[in-house]
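This is what each chain is made of:
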Amino acid sequence: MKDVDTTQVYPRDPRKTYGLMELVKGTRPTVGLDEDTVYAWPHLLVRELVIFLVVAACLLGAAFLIDAPLEEIANPNSPPNPAKAPWYFLGLQELVSYSAFVGGVLVPTVIVLGLMLVPYIDRKRVGIGVWFARERWLANGLFLTFLVVMVILIIIGMYFRGPNWGFVLPWEATTGH
Amino acid sequence: MQAPTPTPDKRTAVGMFFESVYRSIFRYGRLPRDGEGASYAVFNSLFLHIHPVKVAKHSLRFTYTFGLGVIATCLFVFLTFTGVWLMFYYFPSATEAYGRMLDLRSAVDFGFVLRNVHKWAAEAMVFFVVLHMARVFFTGAYKPPREFNWIIGIILLLLTLGLSFTGYLLPWDQLAFWAITVGTSIAGYAPVVGEPLRRFLLGSDSVGQEALIRFYVLHVVILPGLLSIFLAVHFWRIRKDGGLSHPADNDTPAIKE
Ligand code: HEM
């Protein structure tokens, strides 16, 4: 009766109703990956800790070096010219300056819906897990174009727009009131 | 690793007491040195168990993720801590708020550091969340079975923008006031729903005390609460989707790394 090896890696602790089932070496049949894995502790957790500390150090460094802006107290009777939205909305504000409907409604709606539809349109399982897979040139190209256009619009809004949303060169810009 | 069997000899009663307290908290000993210990360390900790016991080497390569999602998570953690700390000094009133900002600069010890960390972490979070999204796109990581986690991600992006935008008003300086005036007027351009939406956000025709209290509640309770919930779902989905995307997820094994 004793000839079958019933040794468990994790003998069931009678006081517990749950447990880690087993650890396996070699290929896991359930997951199609090569067993090319390492333990989360320490490999993943140490990396996360390092990132955490680097982020903390950068934030503290920035906080001591650069002060967050603070202008005069809000005055509803004295609008700055131009009044600018936060930087991440400046692309939309730039579009609004051509057409309120396009910048305020059409483009934001298309962006959000478009982004949400992405994984349901582009479903073919090719090029997963590598940067800029050649098979994905079209999708990657479109997305890169989208990002570049947004960045250009934001930069125009940030540095090239002066009084009455007129075009200015950054080094000549003055903010009127 | 041994099951926790204390060896009674040579130990003082006090030492054994501390040992048993330690074991009651951590159960499986000190820093794990072997596979079993490493598994238990992750498996038995509330804070670590969102991680799998083992991860693919591919996911750990820095040049795969550039740590962008983790950076965004860290920024959110720092923002939460500094944000709660700022709440001790801040007062969401159109007559008080600006003065509190000046206090942070002069009257509160290291108040300027506190405000600056919160401000720069907030700007960085928008930036890194967008970079993380770009990483996910360019590595095809939104493809099945991860479609829904991409959707959760978009919701996280919108919540991040909402947090940044609502926080922008709180200092109640010229920058804040006019940026929110412009930003909310963009929302007002939508046909039919635009104007009611704008008034709902501002609680009035224009930016004033009502808008400040609405933005404040959104900023310190509602949006961070929602973001925490969706972030939990985001992480849980990563586990359920079999960890991070990996070339083995492709139908055709054409791609060799
Ligand atoms: C608050 C914002 C967000 C946080 C804190 C966050 C956090 C994370 C973390 C920590 C990971 C693990 C992998 C990594 O570090 O890159 C991850 C993976 C992922 N995220 Fe996010 N994320 C956020 C927003 C987004 C957005 C905006 C998207 C896309 C629209 C997104 C889609 C995904 C997907 C699909 C994965 C799985 C990636 C893979 O399997 O390779 N996340 N996220």
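Residues numbered from 1 in each chain as written. Chains lettered and ligands numbered in written order. Predicted model: local features only at pLDDT ≥ 70, side-chain atom pairs only at ≥ 80, totals over all residues. Heavy atoms only, no water.

1. Points about the confidence of the model for chain B
Formally: Known as pLDDT, the predictor's per-residue confidence is scaled from 0 to 100.
Averaged over every residue, the pLDDT of chain B is 89; residues scoring 70 or more account for 92%. Scored as a whole, the predicted complex attains pTM 0.86, and scored at its interfaces, ipTM 0.85.

2. Side note on the coordination of the iron atom of the ligand
For a metal bound by four donors in tetrahedral geometry, the ideal donor-metal-donor angle is 109.5 degrees, whereas six donors in octahedral geometry ideally sit at 90 or 180 degrees. All names here are of chain B. For clarity, the cut-off: Each metal site is built from N, O and S donor atoms within 2.8 Å (3.2 Å for Na, K and Ca), and since water is not included, such sites may look incomplete. In short, tetrahedral needs four donors with all angles between 85 and 135 degrees, square planar needs four and octahedral six donors with opposite donors over 155 degrees apart and all other angles between 65 and 115, and whatever is left is irregular. Elements are defined by DSSP. Helices are runs of H or I of four residues or more, strands are runs of E of two residues or more, and each kind is numbered from the N terminus. For every residue, the accessible area (1.4 Å probe, protein chains only) is compared with the maximum for its type, and the residue is labelled buried under 20%, exposed over 50%, or partly exposed between those bounds.
Taken together, His 132 (NE2) and His 234 (NE2) make up the full set of protein donors to the iron atom of the ligand, lying 2.0 to 2.1 Å away. The coordination sphere of the iron atom of the ligand comprises six donor atoms, whose angles at the metal cover 86 to 179°; the geometry is octahedral. Of this pair, His 132 sits in helix α7 (residues 111–138) while His 234 is found in helix α11 (residues 209–240), placing the two residues 102 residues apart along the sequence. Considered together, His 132 and His 234 belong to a single accessibility category, that of buried residues.

3. Let's talk about the domain arrangement of chain B
Where interface size is quoted, it is often the accessible area lost as the parts come together. Applied cut-off: Domain limits in this description derive from either an automatic procedure or a database domain assignment.
What the domain assignment lists for chain B is domain 1 (14–43) and domain 2 (59–249). The straight-line distance from the C-alpha centre of domain 1 of chain B to that of domain 2 of chain B is 38 Å.

4. Some remarks on the interface of chain A and chain B
The line we're drawing: Contacts are assigned to residue pairs that have any heavy atoms within 4.5 Å of one another. Once two parts are put together, the accessible area they lose, assessed with a 1.4 Å probe and summed over both, is termed the buried area. A carboxyl oxygen of Asp or Glu within 4 Å of a side-chain nitrogen of Lys or Arg is what we treat as a salt bridge. For the purposes of these results, a polar contact is taken to be a pair of N or O atoms within 3.5 Å, where, inside protein, one atom must be able to donate a hydrogen and its partner to accept one; residues adjacent in sequence count only when each atom of the pair is a side-chain atom.
Taken together, the contact pairs 82 residues of chain A with 90 residues of chain B. Summed over both partners, the interface of chain A with chain B comes to about 8400 Å²; 72% of that surface belongs to carbon and sulfur atoms. Where A:Arg123 meets B:Glu147, a salt bridge forms, and the shortest distance between an N and an O atom there is 3.3 Å. Summed over the shared surface of chain A and chain B, the result is 37 residue pairs in polar contact (both at pLDDT 80 or more).

5. A short note on the confidence of the model for chain A
Residue and element names in this part refer to chain A. Across chain A, the average pLDDT comes to 84, with 77% of residues at or above 70. Mean pLDDT across the elements of chain A ranges from a minimum in strand β1 (residues 37–39), with 88, to a maximum in helix α4 (residues 137–159), with 96. Every residue in residues 26–33 scores below 50 in pLDDT, and together they form eight contacts with partners more than four places removed in sequence or on other chains.

6. Section: the state of the cysteines
The criterion, for reference: Two cysteine sulfurs form what is called a disulfide whenever their separation falls within 2.5 Å.
Counted under the stated rule, the structure contains zero disulfides over all chains. The cysteine A:Cys58 is free of any disulfide, with B:Cys74 supplying the nearest cysteine sulfur at 11 Å.

7. Here we look at the packing of helix α5 (residues 68–87) of chain B against α11(B)
Residue and element names in this part refer to chain B. Selection rule: Lines fitted to C-alpha atoms define the axes, with helix axes restricted to the stretch in contact, and inter-axis angles between N-to-C directions lie between 0 and 180 degrees. Small angles under 35 degrees read as roughly parallel and large ones over 145 as roughly antiparallel, with 65 to 115 read as roughly perpendicular and the rest as oblique. Crossing handedness is defined as follows: a turn of the near helix away from the far one that is anticlockwise and smaller than a right angle gives a left-handed crossing, while the clockwise case is right-handed.
Relative to each other, α5 and α11 sit at 155°, their axes nearing to 12 Å. Comparing their axes, α11 and α5 come out roughly antiparallel. Both α5 and α11 take part in a crossing whose hand is left-handed. On α11, the residues touching Thr 73, Phe 76 and Met 87 of α5 are Tyr 216, Val 220, Pro 224, Leu 227, Ser 228, Leu 231 and Phe 235.

8. Side note on the pattern of salt bridges
Throughout the structure, instances matching the rule amount to twelve salt bridges over all chains. Across the salt bridge formed by B:Arg199 and B:Asp205, the nearest N and O atoms sit 2.3 Å from each other. By relative accessible area, B:Asp205 is classed as partly exposed at 47%. In this structure, B:Arg237 engages B:Asp241 in a salt bridge whose closest nitrogen and oxygen atoms are separated by 3.6 Å. Exposure remark for B:Asp241: the relative accessible area of 11% places this residue in the buried category. Sharing partners across several salt bridges, the network here consists of A:Asp122, A:Arg136 and B:Lys143.

9. Some details on the packing of aromatic side chains
Threshold: Centres within 6.5 Å are what make two rings of Phe, Tyr or Trp a pair, Trp counting through its six-membered ring; a difference in plane orientation under 30 degrees is then read as stacked, over 60 as edge-to-face, and the rest as tilted. We call a charge positioned above a ring when the Lys NZ or Arg CZ atom is no farther than 6 Å from the ring centre and deviates by at most 35 degrees from the ring normal.
With the rule as written, the count across this model stands at 23 aromatic pairs over all chains. The positively charged end of B:Lys54 is found above the aromatic ring belonging to A:Tyr39, 5.0 Å away from the centroid. Positioned above the aromatic ring of B:Phe200 is the side chain of B:Arg214, whose terminal nitrogen or guanidinium carbon lies 5.9 Å from the ring centre.

10. Quick look at the side chain of A:Arg136
Looking at where A:Arg136 falls in the secondary structure, it is placed in the loop between α3 (100–121) and α4. Not counting residues up to four positions away in its chain, the partners in contact with A:Arg136 are A:Asp122, A:Val126, A:Gly127, B:Phe137, B:Phe138, B:Gly140, B:Tyr142 and B:Lys143.

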